[in-house]
Amino acid sequence: MNAQMGEHSHRLGGRGSCANARPSAAWGAVGSGLPAIPCFGFPQLVPHGYCYLWNPWIVWLHVVSDSLIALSYFCIPIALVYFVRRRKDLPFDWIFLMFGLFILGGGTTHLMEVWTIWRPVYVLSGVIKALTAAISVVTALVLIPLVPKALALPSQAQISELNQRLQGQIAEREHAKEALQQTLRQAERAMSDAAGQRILVAESRYVEEVLQESQDRLQGIIDAAMDAIITIDEKHTIVMFNRAAEEMFRCSAKEALGTQVHRFLPVRFRAAHSSHIRNFADTGTTNRAMGALEPLCALRADGQEFPIEASISQVESAGRRLFTVIIRDISERRMIEEQLRDQAQILDMSQVMLREKDGRILLWTAGAKKMYGFAREEALGAISHELLKTKFPKTLTEIERHLETSGTWEGELTHQKKDGTEVFVAVLMVVEQPVPGRAPRILEVMTDTTARKRAEQSLRDSQARFTGIIESAMDAIVAIDNDQRIVLLNPAAEKMFCVTAGEALGQRLDRFLPERYREAHHGHVKQFARTGVTTRAMATLGSVRGLRSTGEEFPLEASISQLEVGGTKLFTVILRDISERKRAEDEIRELNEDLERRVEERTAQLQLVNRELEAFTYSVSHDLRAPIRHIDGFTKLLVEESAESLTPEAQRYLHRIQEGSHRMGVLVDELLDLTRVGRHGLRMEATDLNVLVRQVVTMLQPEYENRKVEWKLGELPQVMCDSTLVRQVFQNLLSNALKYSRPRPQAVIEVGKTSDQEQTVFVRDNGVGFSMKYADKLFGVFQRLHRVEEFEGTGIGLATVQRIIQKHGGRVWAEAELDHGATFYFTLGRAGGTQTSAPAAAKGAMA
Amino acid sequence: MNSEYDILLVEDSEEDRELATHVLRKEKLANQIFTARDGEEALDFVFCTGPFSERRCDQLPKLILLDLKLPKVDGIEVLRKIKSDPRTKVIPVVIMTSSREERDLVNGYHLGANSYIQKPVDFQQFREVVKQVGLYWLVTNQAPVSEEHAAASGA
């Protein structure tokens, strides 16, 4: 196009030179008859019409042609300018503008051609041509280097060709589809129309080819898809199954095609799925995401279920409805989501907060809530160290500076919980990785160390306590290491060995042992270490001796214990200086020996006394009775055999002698009874006191044969006692009761027990009684409250009663009033005398 | 056989000997009473030793009344010897003593005494007791004819 233009310009110039030589006669004939005017001082120049000889046909041919050219040329730049302005992306837009100018120039020269037919303004025309030439040359020069660049751009032709091809493909596909449908219809027809078979085969072959081509292309796209694409027909039979689907469902397309799509659905979804597809078909919507109602799941051929995301589209073609489902396996995404959720939960459980640099809390986990008691809504937005009343180990500014420089800060501080209690917290602060457009935030991980702190504190306390105990112990405490070198020595040990801890530490323990013991001691400690026994007394009492730094030896008692501290064995020896104790023990032993000797002596004396007493009672019973019997015997013989030769006076004397000897016999017998109580042990047996009392009452019958006696015998208990002795008690008491009630016309004698717990037995009479002022003499041996003329007696009976009762561990006492009877009470010790047997027997043995 | 003694009375007290003998004679309970004054004499008499070595030893007393408290050899020892010898153990031995000691009583029975009597202080009672003992052992009770005795008489 440019070349054409250049050529044209050249021709114009050539025509200009011709014009100079030609008259402009024809001009007037053709024009409006305007007079020729000189132009730019060349009056001899004639209008160009002259060159045409004013031939009107030529003139008008030029005029019309040039005018049309000029008009056209003027239109082109306008279009170009509009084009350039509208197409901002246009490359090299300035060249279009230059074209515009160049064409404008061309247009103007043509206009000037018209004008110069009538007016010889060749100078002006030339100038304009020159300008146009300049622009043309520049444009040409600029254009040349642009050509290769411009060639690189796709040409309009290429684009349109591409477009055309695309259109072609679309048309072809449509055509193929049409052809397919047609073919199908034909095929249907062909089933009944064998005549058309030959044509059909030819046609279908063609159609197949077209179709195959189109399908191949489509298949390429479908197979390259990342998502599984499955097309099913109205009967849910799979008609298309892409490669991604094969992988996803682990089922080859060959196997899948023609089968029901249900096989890829978990059983529980199948029914719902059918109805969903039916509904979708009814709506007529072409495309829709699936699974609005619930998370979707699919089933792999191997039975594994997995979560999916799916969309469905429907196409109706040739009266057949096809559903295409695009499926994406989201197991991995689910897994990642779950991981993220887990991580979030873990984070939430841990005691973490996220805060701005100024302390404003942005994240407050459940863990933090549990630790401090502040709910999320209370914590969020609060300033962390104000909320938790933080006590920092150093100033906040220092911590912040540390955070800024190193990015982390780790330390221990004190927080206050919502309930006001203080917690010790180990905190790790981490500054967040910088994110553009946001000030870095700080993550704080808190660990409650209160329990640990407390444990540490209690450990310190207990250490202090132990130290206190060791320091204040009365015993010497020495700890030694495996080499038996002293590592600890308490004040008591310093005192015991007369050294200071400073001198002793690091020395061997055996410096505190007399030399002769040292070697054996080493062996003992080593032996002890091997046993693994934790504590043991050392040697036997008195055989261990210590050595003071003064050289003095002393006896000591020691125990040793071992424990492992930090991998090294430590022996602790506790020592006690027993010099004093030894001395005291010796003294006690001497005293004991002396005491024993004295006890032996005393026992021997007592035994002698006992033997003498026995001999005495034996002789009383044996030797004293014989003379009495002799006196009585011979007196009787004298009275019997020589009565007639005796005076009445002599007979009375003999009677007196007999009475005396009788009394003497009774006295001796009663004395023997009394001593026998003391000399014999108790023979305890279960005894019915009622039986004893009845026996005694019967036995005493001769004493009250001719008297009126009323016996009131109450119910008595069953007791453990020596029945022989207790019978003696009743015998003496009842005998007394009979004796002292003799003056009464009717004696009333009552035996019973009181209602107290001690089972006190009483014997009551209505006799003469006695004055209570002599009550203390009642139970004394040979003590009598009545004269013998009034009431016979020896004064031994009640003494015997008391002795028997006391021997049973019981008590006896009396209540009486002169002339108003007497009551004697006795008990046989607790629980009827059962518990009294032992001490009573012992007492008996001593007597 | 006039020398046969019905009763051997072992009693150191002359008074007691006289009283007992008086009662036994009065009641006609014994023709011959030999009285020994101590344990030694009693044993010599029973075993025909010492002063009684000439005595015929097949002549055993029908009853021995034995006091316990005796000079030289005491009554318990006499009892043991008599009761431990097969020849003499059949002789009824009645302990008659003033002792009221239970120890003596128990010992006596353990050693084979046939009876134990405490001499009452009252003479009337004493008389009754001696009479009953004599009657019982010499009249009422059937004495065994011991084999040793028979053998001894045969010899």
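Note that the coordinates shown come from a computational prediction; the quantities given were computed from them, not determined experimentally.

**A short note on the sheet that holds strand E10 (residues 422-431) of chain A**
Either a parallel or an antiparallel arrangement is found when strands of a sheet pair, and the pairing is made through backbone hydrogen bonds. All names here are of chain A. Pairing within the open sheet is antiparallel, and its 5 strands lie in the order E8-E7-E11-E10-E9. Lying at the two open borders of the sheet, with one neighbouring strand each, are strand E8 (361-364) and strand E9 (408-416). For this sheet, the mean angle separating the axes of adjacent strands, direction not counted, is 25°. Judged from the 9 bridges that link them, E9 and E10 form a sheet pairing that is antiparallel. In the strand pairing of E10, His415 is matched with Val423. In the packing of helix H15 (residues 396-406) onto the sheet, contacts are made with E9, E10 and strand E11 (442-448), and the angle to E9 comes to roughly 150°.

**A few points about the sheet that holds strand E3 (residues 63-66) of chain B**
All names here are of chain B. The strand order across the open sheet built from 5 strands is E2-E1-E3-E4-E5, with neighbouring strands paired in parallel fashion. Lying at the two open borders of the sheet, with one neighbouring strand each, are strand E2 (33-36) and strand E5 (115-118). The sheet shows a mean angle of 20° between the axes of neighbouring strands, direction not considered. Where strand E4 (residues 93-97) and E5 come together, 4 bridges link them in parallel fashion. By the bridge assignment for E5, Ile95 is matched with Tyr116. On the sheet, helix H2 (residues 39-47) packs against strand E1 (7-10) and E2 and is oriented at approximately 135° with respect to E2. Against the sheet, helix H5 (residues 123-140) touches E3, E4 and E5, its axis set at about 165° to E5.

**Focus: unusual backbone geometry**
One non-glycine residue with positive phi stands out, namely Asp819 of chain A, at about 70°. With respect to the helices and strands, Asp819 of chain A occurs in the loop between strand E23 (812-816) and strand E24 (822-826). Judged by the 12 C-beta atoms lying within 10 Å of it, Asp819 of chain A falls in the exposed class. Residues other than glycine seldom take positive phi values, yet Lys72 of chain B does so here, at roughly 65°. Structurally, Lys72 of chain B can be placed in the loop between E3 and helix H3 (75-84). Taking the number of C-beta atoms within 10 Å as the measure of exposure, Lys72 of chain B has 14 and is therefore partly exposed.

**What about H5 of chain B?**
All names here are of chain B. Compared with an ideal rise of 1.5 Å per residue, which puts 18 residues at 26 Å, H5 spans 24 Å between its outermost C-alpha atoms and is within 8% of the ideal. Taken as a whole, H5 has its buried residues at Phe123, Phe126, Arg127, Val130, Val133, Gly134 and Trp137. The arc that holds the buried residues of H5, viewed along the axis, is 135°, so those residues lie on one side. In H5, those exposed residues whose orientation departs by more than 90 degrees from the buried face are Gln124, Val139 and Thr140.

**As for the nonpolar core**
Counting 41 residues, the largest nonpolar core has Val726, Val729, Phe730, Leu733, Leu734, Val801 and Ile804 of chain A as the members making the most contacts within it. The leading source of residues in this core is helix H23 (residues 723-740) of chain A, at 8 residues. Filtering out sequence-adjacent residues up to four positions away, Ile804 of chain A remains in contact with Val677, Leu725, Val726, Gln728 and Val729 of chain A. If you look at the next biggest cluster of nonpolar residues, it comprises 36 residues, including Leu63, Leu70, Ile95 and Phe123 of chain B.

**Some remarks on the interface of chain A and chain B**
Residue-level contacts link 15 residues of chain A with 16 residues of chain B. Among the secondary structure elements, those contributing two or more residues to the side of chain A that touches chain B are helix H20 (579-642) and helix H21 (648-679) of chain A. Ranked by residue count, the leading element in the side of chain A that touches chain B is H20 of chain A, at 12 residues. Grouping the constituent residues of the side of chain A that touches chain B by class yields 5 nonpolar, 6 polar and 4 charged.

**Notes on helix H19 (residues 515-531) of chain A**
All names here are of chain A. With 17 residues, H19 should reach 24 Å at 1.5 Å per residue; the first-to-last C-alpha distance of 25 Å fits that figure. Maximal helix bending in H19 amounts to about 25°, located at His521. Of all 17 residues that make up H19, 1 are buried, and the element is exposed over most of its length.

**Remarks on the packing of H23 of chain A against helix H24 (residues 797-807) of chain A**
All names here are of chain A. At their nearest, the axes of H23 and H24 sit 9 Å apart, and the two run at 145° to each other. Note that H23 runs across H24; the crossing there is left-handed. The residues of H24 that touch H23, namely those facing Leu725, Val726, Gln728, Val729, Asn732, Leu733 and Asn736, are Gly797, Leu798, Thr800, Val801, Ile804 and Ile805.

**Quick notes on the environment of Arg37 of chain B**
All names here are of chain B. Inspection of the secondary structure puts Arg37 in the loop between E2 and H2. By the C-beta count within 10 Å, which is 17 here, Arg37 ends up partly exposed. With 35 residues separating them in the primary sequence, Arg37 and Lys72 have C-alpha atoms 9.9 Å apart.

**Looking at the confidence of the model for chain A**
Residue and element names in this part refer to chain A. When pLDDT is averaged along chain A, the result is 81, and 85% of the positions lie at 70 or above. Here residues 1-41 scores under 50 on pLDDT; set against residues more than four positions off or in separate chains, the count is 69 contacts. The model gives residues 833-847 a pLDDT under 50, and that stretch makes 31 contacts with residues more than four places away or in other chains.

**A look at the confidence of the model for chain B**
All names here are of chain B. Per-residue confidence for chain B gives a mean pLDDT of 83; residues scoring 70 or more make up 90%. Within the model, the stretch residues 147-155 combines pLDDT values under 50 with 8 contacts to residues more than four positions away or in other chains. Model confidence for the complex is summarised by a pTM of 0.36, with the ipTM given as 0.72.

**Focus: the packing of helix H1 (residues 14-26) of chain B against H5 of chain B**
All names here are of chain B. At a minimum axis distance of 9 Å, the contact between H1 and H5 shows a crossing angle of 60°. Comparing their axes, H5 and H1 come out oblique. For the pair H1 and H5, the crossing hand works out as right-handed. Of the residues in H5, those touching H1 at Leu19, Ala20, Val23 and Leu24 are Phe126, Arg127, Val130, Lys131 and Gly134.

**Observations concerning the environment of Thr449 of chain A**
All names here are of chain A. One can find Thr449 in the loop between E11 and helix H16 (450-472). In this structure, the C-alpha to C-alpha distance between Thr449 and Val425, residues 24 residues apart in sequence, is 5.3 Å. Beyond its immediate stretch of four places on either side in the chain, Thr449 contacts Glu412, Phe424, Val425 and Ala426.

**Describing the pairing of E23 of chain A**
The side chains of a regular strand alternate between the sheet's two faces. Residues and elements named next belong to chain A. Two elements, E23 and E24, share 5 bridges in a ladder whose sense is antiparallel. When the sheet's bridge partners are listed, Val812 is paired in E24 with Phe826. Turn length for the E23-E24 hairpin, with the two strands adjacent in sequence and antiparallel, is 5 residues, and the turn residue Asp819 shows positive phi of about 70°.

Procedures and definitions
The residue numbering used here restarts from 1 in each chain and proceeds along that chain's sequence as written. Chains carry letters from A onward and ligands carry numbers from 1 onward, assigned in written order. It should be noted that, the model being predicted, local features are given only for residues of pLDDT at least 70 and side-chain atom pairs only at 80 or more, the latter also being counted only at that level, while totals for whole chains, interfaces and linings use all residues. DSSP-based pairing: two strands are paired if at least 2 bridges between them are found. Numbering of helices and strands runs from the N terminus; a helix is a DSSP stretch of H or I covering at least four residues, while a strand is a stretch of E covering at least two. Each axis is a line fitted through C-alpha atoms, taken for helices only over the stretch in contact, and angles between the N-to-C directions span 0 to 180 degrees. Here the contact rule is simple: place C-beta atoms from the backbone, and any two residues whose C-beta atoms are within 7 Å are in contact. With C-beta atoms placed from the backbone, the exposure class of a residue follows from how many other C-beta atoms lie within 10 Å of its own: 20 or more, buried; 12 or fewer, exposed; in between, partly exposed. Here the expected length of a helix is defined as 1.5 Å per residue gap, with one fewer gap than residues. Here the arc refers to the directions that run from the helix axis out to each C-beta atom. In these notes, a nonpolar core means any group of buried Ala, Val, Leu, Ile, Met, Phe, Trp, Tyr and Cys residues linked to one another through C-beta atoms within 7 Å. Residue polarity is assigned by list, with Asp, Glu, Lys and Arg as charged and Ala, Val, Leu, Ile, Met, Phe, Trp, Tyr, Cys and Pro as nonpolar; anything else, Gly included, falls into the polar class. The quantity called bend is, for any residue, the angle between two axes fitted respectively to the seven residues ending at it and the seven beginning at it. Working rule for handedness: look at the near helix, and if it is turned counterclockwise from the far one by less than a right angle, call the crossing left-handed; if clockwise, right-handed. pLDDT expresses how confident the predictor is about each individual residue, on a scale running from 0 to 100. Reported orientations rely on four angle classes, namely roughly parallel under 35 degrees, roughly antiparallel over 145, roughly perpendicular from 65 to 115, and oblique for the rest.

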